[in-house]
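The chain contents come next:
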Amino acid sequence: RYYLQQYQQHLTQYREMEEDFKLNKGPRLNWGALLQGLGIGTWVFVAVLAFCEYRYTTVTAWMETIEEQWYAWRQRWKEDGGRGKKKTQRRNASKAKEDVSKEKELKAKEKRKDTSVKPKKHAEAEVLQDERETAEAAKEAQAKGWARWWPFEA
């Protein structure tokens, strides 16, 4: 009986909301909840910024950086009369420098590759030497009774 009453009450509320939706041609927005959420979120954001400013001077650093960028932009604007010529010239010069530096890096890498490449026979000899040393160490460990803990086989 209790569940039936709950169901009927829920059904009537649902029908009322459905009629209201049809009359208003859309859902109703709970402006109070929205504004309260925005207000609380704003206060939390302000508190975090205040803490960061107090502890790390974050906002001050941001303001100084923006100020420096603003002054640099204004200075460039005054120098080229707002036409952007200097910016284009700087961009072309920096691209040319990057191309030259990339070419130098490629040449340096090629030189390093040439010096670091070992002959195949020499590399094989090193591998054989390592295997011999490991086998000798395993035999020594077995002779001393450490074979249980030794990771390599004799």
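Described in the following lines is the structure provided in the data block. (Residues numbered from 1 in each chain as written. Predicted model: local features only at pLDDT ≥ 70, side-chain atom pairs only at ≥ 80, totals over all residues. Heavy atoms only, no water.)

What follows covers the overall build of the protein. When its secondary structure is counted, the protein shows five helices and zero strands. Along its sequence from the N terminus, the protein presents helices and strands in the succession α-α-α-α-α. For the protein, with 154 residues in total, the buried portion stands at 3%. Summed over all atoms, the accessible surface of the protein reaches about 15,000 Å², with 58% contributed by carbon and sulfur. (Helix = DSSP H or I, 4+ residues; strand = E, 2+ residues; numbered from the N terminus. Buried < 20%, exposed > 50% of the residue type's maximum accessible area, 1.4 Å probe, protein only. Areas by Shrake-Rupley, 256 points an atom, 1.4 Å probe, with all protein chains shown as cover.)

A few words on unusual backbone geometry. In this model, threonine 57 sits at a positive phi of 50 degrees, which is unusual for a non-glycine residue. Along the chain, threonine 57 turns up in the loop between α2 (31-56) and α3 (58-80). Of the residues examined, threonine 57 reaches a relative accessible area of 43% and is grouped as partly exposed.

Here α2 contains 26 residues, and its C-alpha end-to-end distance of 37 Å stays within 8% of the 38 Å for a straight helix at 1.5 Å per residue. Just downstream of α2, threonine 57 is the residue with a positive phi angle, here 50 degrees. (Expected span 1.5 Å × (residues − 1).)

Mapped onto the fold, threonine 58 is located in helix α3. Take threonine 58: its relative accessible area is 17%, and that puts it in the buried class. Sequence-distant contacts of threonine 58, defined by excluding residues within four places in its chain, comprise Cys52 and Glu53. (Contact = heavy atoms within 4.5 Å.)

This next bit is on the packing of aromatic side chains. For any pair of aromatic rings, geometry is given as the distance between the ring centres together with the angle between the planes. In the structure shown here, the tally under the stated rule is three aromatic pairs. Taking 5.4 Å as the distance between ring centres and 35 degrees as the angle between the ring planes, the aromatic pair formed by tryptophan 70 and tryptophan 73 counts as tilted. A residue pair is termed a helical-turn pair when its members lie 3 or 4 positions apart in one helix, as tryptophan 70 and tryptophan 73 do in helix α3 at three residues. Here the aromatic cluster, defined as three or more aromatic residues joined through ring pairs, consists of Trp70, Trp73 and Trp77. (Phe/Tyr/Trp six-rings, centres within 6.5 Å; stacked < 30°, edge-to-face > 60°.)

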